[in-house]
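Inside the fold
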Amino acid sequence: MKENIKKGIQKFGRSLLLPIAVMAPIGMVMGLTNALSQSYMIEQVAFLGNPVVQSIIGSLKTISSIVFENIPLLFAMGVAYGMAKLDKGIAVFSSVLGYITLLVVVNVYLTLTNALVDAETMASVGQGMVLGIQTLKLDAAGGIIAGLIAAKCTDKFYKTQLPLAFAFFGGKKFVPIATFFFMIPVGFVVPMVWGLFTKLLIFISPVFMNETFGVGVYWFAHRALIPFGLHHVLASIVRFTEAGGVYMIDGQQYIGILNAANKVLFDLGPDNPAWKLAPGLFKYLATGQMLTTLFRVPAIGLAMYHTAFADNKKSQKGLF
């Protein structure tokens, strides 16, 4: 049993690599196009101001952003494909159906419990618009749940034989049907658990803004919550609500870390007096992630390459 659990965890880990592999290069394109379209960048590099160049940059930014707006779908399909043992195609199809069903069922739950909120306050309670549906922002966790259930249904019901009158719906056609019905109770259970985590994060959010230790606590909690898909709730609280501070910039009030940072970084630039706010704002944004992404992970790969057996280095270089 221990060996089966170990193999299952390893298989699940490999199934996550497909969406991650897509996100990495496209994320580089999106980051570069966002940077090159800013006004103060255009002032520094004259040719960026050319209308044709900006049209190309803007188009690439729009196209690449679609990947990050649909991360849960990528994880749903990737996990279903990686975890299913039989017909992986029907597993992927079922995962998309399951994810959409999950979104709608959560919306129904929020409606029945009078928990739906206005657009202005959605971020503070972990809600948002996903594929046109107001629901909990489950992000990658929602996709992973749908992918796992779709894969399980594929392996269990792929060869299901129904009575003659319903024979048309048997076999592989029964897999998405089963996934749909399994997602209904799951969709009603998820908000109950999710709500407890969200309330806990809102309650402890002032800790993250402490001047002495807040940043360290914030990033530790952020990384710890990633496997559960709850890090976005924590990030939303700090980025979009009063928990992240209220800032007066050029006579206008900005609530939350990200709203203030966007104004300073993308609209004002280094020459504006408000730029002095930047260090305090940015330490809650991407800087903590960049240390890991740009330095630690490549360093680990380099160390693995240097310590590999000489005969294996050539074949392992690409993998690392």
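For the structure, check the block above.
Nothing here was measured: the structure is a model prediction, and the numbers come from that model. (Residues numbered from 1 in each chain as written. Predicted model: local features only at pLDDT ≥ 70, side-chain atom pairs only at ≥ 80, totals over all residues. Heavy atoms only, no water.)

Let's talk about the overall build of the protein
Put simply, the rule reads: Helix and strand assignments follow DSSP, with helices taken as H or I runs no shorter than four residues and strands as E runs no shorter than two, numbered in order from the N terminus. Partly exposed describes any residue whose relative accessible area lies between the buried limit of under 20% and the exposed limit of over 50%, with all areas from a 1.4 Å probe on protein chains only and scaled to the type maximum. Between two residues, a contact is recorded if the distance between any of their heavy atoms is within 4.5 Å. To measure how exposed things are, a 1.4 Å probe is used in the Shrake-Rupley method; for residues, cover is taken only from the protein chains shown. Two residue types count as positive, namely Lys and Arg, and two as negative, namely Asp and Glu; His and chain ends fall outside the count. Working definition for charges: the position is that of NZ of Lys, CZ of Arg, CG of Asp or CD of Glu.
Regarding its fold elements, the protein presents 14 helices and four strands. Principal-axis analysis of the C-alpha atoms gives the protein an extent of 75 × 65 × 45 Å. In the protein, buried positions account for 37% of the 320 residues. Within the protein, contacts between residues at least 6 apart in sequence are counted, and of these 61% link residues at least 24 apart. Carbon together with sulfur atoms contributes 69% to the accessible area of the protein, which is approximately 18700 Å² in total. The distance from the centre of the 24 positive side-chain charges to the centre of the 14 negative ones in the protein is 17 Å.

With respect to the environment of glycine 89
Tracing the backbone through its elements, the reader meets glycine 89 in helix α6 (residues 88–112). By relative accessible area, which is 47% here, glycine 89 ends up partly exposed. With 81 residues separating them in the primary sequence, glycine 89 and glycine 170 have C-alpha atoms 16 Å apart.

Considerations on the side chain of serine 37
Applicable threshold: N or O atoms within 3.5 Å of each other form a polar contact, as long as, within protein, one can give a hydrogen and the other can take it, and as long as residues adjacent in sequence are counted only when both atoms are side-chain atoms.
Structurally, serine 37 can be placed in the loop between α2 (17–36) and α3 (39–44). Only 3.1 Å separates the side chain of serine 37 from the backbone oxygen of threonine 33, close enough to count as a polar contact.

Side note on the pattern of salt bridges
Selection criterion: Each salt bridge in this description consists of a side-chain nitrogen of Lys or Arg and a carboxyl oxygen of Asp or Glu lying within 4 Å of one another.
This model, assessed by the stated rule, comprises one salt bridge. One salt bridge connects lysine 172 with aspartate 87, and the closest N-O pair in it is separated by 3.3 Å. Placement of the pair is lysine 172 in the loop between α7 (140–157) and α8 (174–208) and aspartate 87 in the loop between α5 (71–83) and α6, with a sequence separation of 85 residues.

So, the nonpolar core
Quick note on the threshold: The nonpolar core is taken to be a set of buried Ala, Val, Leu, Ile, Met, Phe, Trp, Tyr and Cys residues, with the residues joined through side-chain atoms within 4.5 Å.
Formed by 23 residues in total, the largest nonpolar core has its most connected members in Tyr99, Leu136, Leu138, Cys153 and Trp194. The dominant element in this core, judged by the number of residues it contributes, is α6, at seven residues. The contact partners of tyrosine 99, leaving out residues within four places of it in the chain, are Pro72, Leu73, Ala76, Val130, Leu131, Gly142, Gly143 and Ala146. Counting 20 residues, the second largest nonpolar core, distinct from the first, contains Ala221, Tyr254, Ala260 and Ala274.

Regarding the pairing of strand β2 (residues 133–136)
Where we set the bar: At least two bridges found by DSSP between two strands is the condition for calling them paired.
Pairing of strand β1 (residues 127–130) with β2, which is carried by four bridges, proceeds in the antiparallel orientation. Bridge pairing in β2 links methionine 129 to glutamine 134. Linkage of β1 to β2, two consecutive antiparallel strands, is achieved through a turn of two residues, within which leucine 131 is found at a positive phi near 55°.

Considering the pairing of strand β3 (residues 246–249)
For a regular strand, side-chain orientation follows a simple rule: the groups alternate between the two sheet faces. Side-chain alternation along β3 places Tyr247 and Ile249 on a buried face and Val246 and Met248 on a face that remains uncovered. Where β3 and strand β4 (residues 252–255) come together, four bridges link them in antiparallel fashion. Following the sheet pairing, valine 246 is matched in β4 by isoleucine 255. Counting the residues in the hairpin turn of β3 and β4 gives two residues, including aspartate 250, whose phi is positive at 55°.

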